[in-house]
Amino acid sequence: MALIHLTIVTPQGKPFDADAQRVLVRTTGGDVSILPKHIDYAAALGKGEARVTEADGSVRRAEIEGGILHVASDQVQVITHHFKWTDDAQN
Amino acid sequence: MAGASMKDIKLRIRSVESTMQITKAMQLVASSKLRGARARMEASRPYMKVARTAVWDIALHNTGAQSDYVIPREIKRRCYIVIAGDRGLAGSYNANMFKRIEWDSRDANCCVIPIGRKARDFYARKGVPIVTEIEKVEGLTLETCTEIAREVMARYDDGTYDEIVLAYTSFVSVLTQKTKLKPLLPLDAHDAPERTNRQMLCEPGADKLLRQFLPEYLAGLIYSAACDSFASEQAARRVAMDSATKNAGEMIEDLSLRYNRARQSSITQELTEIVAGAEH
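What counts as what
- Residues numbered from 1 in each chain as written.
- Chains lettered and ligands numbered in written order.
- Predicted model: local features only at pLDDT ≥ 70, side-chain atom pairs only at ≥ 80, totals over all residues.
- Core = buried A, V, L, I, M, F, W, Y, C linked by C-beta atoms within 7 Å.
- Buried ≥ 20, exposed ≤ 12 C-beta atoms within 10 Å, placed from the backbone.
- Helix = DSSP H or I, 4+ residues; strand = E, 2+ residues; numbered from the N terminus.
- Contact = placed C-beta atoms within 7 Å.
- Nonpolar A, V, L, I, M, F, W, Y, C, P; charged D, E, K, R; others polar.
- Pairing = 2+ DSSP bridges.
- Expected span 1.5 Å × (residues − 1).
- Arc of directions from axis to C-beta.
- Axes fitted to C-alpha atoms, helices over the stretch in contact; angles between N-to-C directions.
- Parallel < 35°, antiparallel > 145°, perpendicular 65-115°, else oblique.
- Left-handed = near helix turned anticlockwise from the far one by under 90°.
- Domains from an automatic or database assignment.

Some words on the nonpolar core
The tendency in soluble globular proteins is for nonpolar side chains to be buried as a group. Residues and elements named next belong to chain B. Of all hydrophobic cores here, the largest spans 92 residues; its most connected members are I81, V82 and I222. Among the elements that line this core, the one with the most residues is helix α5 (residues 206-279), at 20 residues. Residue contacts for I222: discarding those within four places in its chain leaves I81, C145, I148, A149 and L166.

In structure tokens, the structure reads:
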């Protein structure tokens, strides 16, 4: 199955850097979900919940405020200052 | 006479010893701070790499019209954001930075945003116009960086400044640190990737997106430069204090030798006097 490579970066570190099935984020224009083979894309992020579906199908949730989403040939990057996992299972 | 000089030497040794204790303690503090600073510096690197690519992708995306933030203007007024140390006793760390800027800014009308107490004191003394000042480099937060970034961007937009330059010290290794001048606005063309004509969808529009993201990106740049500089400062201080401790050790050795010699000669003299007295 096709996967995207998702990298989430903040100036304090790299909370996620692995293959994933999909990622859903809240942009300033509304929720956007990125699946494999998405067109190259950039959008401003607002404040809201993000959902990452990992390669094994498990879903992780996080909070994001500000930053941008950048997609270039299945390399998906979330670049933000405020990122926090909200599920307790990990982290 | 020999006694007085013995006492002098003893006092001298004591004072050097206490100086050595201080330099040694400063060295240890710098070493432990360096460890944390390096970790923070490493952690901020991926952000810079990824964000830079994204910003340029968006900035160059506008086929035809280039973004305001890419085209260099004629420079009438330049603003330096200078990151120096909070304290001295770090070898030539602070002096190198100030010298570099003095050289770079010799032909331009400029003002500064000093970050760090040493930078603030230096520019206040020299009478260079200060826009805003941040007193501490240690523990500089992203929020503070964002405030600075918003301010410089607003002043770049309204034409108060034609160029914003970030001056920081890049950490190469514990023994080497390099002063760097990085143009923030207009965006540093050295960072630009090769131009690609890929189609990209931007929401809400490349220009608006760039305008929205730039303060965050610049804040990230300032934050990461501050981490870099802080690590450099600690490394410079550690090396300087290490050599100061060594020098103090050498001095103590030298003084002890002189002390022992003086002691020996005073004993010899006393003996000679006793023997001379007994002979009569």
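Next comes the rest of the account.
A few points about unusual backbone geometry
Cis geometry is found at the peptide bond from L185 of chain B to P186 of chain B, where omega equals -10°. At S73 of chain A, a position not held by glycine, the phi torsion is positive, near 40°. Here S73 of chain A shows up in the loop between β7 (68-72) and β8 (75-79). In this structure S73 of chain A comes out as exposed when scored by C-beta crowding, with 12 C-beta atoms within 10 Å. The backbone of L89 of chain B shows a phi angle near 50°, a positive value even though the residue is not glycine. Structurally, L89 of chain B can be placed in the loop between β1 (77-83) and α2 (93-104). Residue class for L89 of chain B comes out partly exposed when judged on the 16 C-beta atoms lying within 10 Å of it.

Focus: the interface of chain B and chain A
At the junction of the two partners, chain B supplies 24 residues and chain A supplies 24 residues. Of all the secondary-structure elements, those providing two or more residues to the side of chain B that touches chain A are α1 (2-61), β5 (201-203) and α5 of chain B. Partitioned by chemical class, the residues of the side of chain B that touches chain A number 15 nonpolar, five polar and four charged. The sheet contact formed by strand β4 (residues 41-44) of chain A and β5 of chain B spans three bridges and is parallel. Following the sheet pairing, A43 of chain A is matched in β5 of chain B by E203 of chain B.

Comments concerning helix α4 (residues 142-157) of chain B
Residues and elements named next belong to chain B. The first and last C-alpha atoms of α4 sit 22 Å apart over 16 residues, in line with the 22 Å expected at 1.5 Å per residue. Within the span of α4, buried status applies to C145, I148, A149, V152, M153 and Y156. Seen from one end, α4 has its buried residues packed into an arc of 130°, which puts them on one side. Away from its buried face, by an angle of more than 90 degrees, α4 presents the exposed residues E143 and A154.

Some points on the packing of α4 of chain B against α5 of chain B
All names here are of chain B. Following both chains from N to C, one finds α4 and α5 inclined at 125°, their axes separated by 8 Å at the closest point. With respect to their mutual orientation, α4 and α5 come out oblique. In this structure, α4 crosses over α5, and the sense of that crossing is right-handed. Seen from α4, the contacting residues are L142, C145, T146, I148, A149, R150 and M153; seen from α5, they are L214, P215, E216, L218, A219, I222 and Y223.

Some points on the domain arrangement of chain B
For interface size, the figure often reported is the accessible area lost on association. In terms of domains, chain B is made up of domain 1 (2-25 + 240-279) and domain 2 (41-238). The centre of domain 1 of chain B, based on its C-alpha atoms, is set 52 Å off from the matching centre of domain 2 of chain B.

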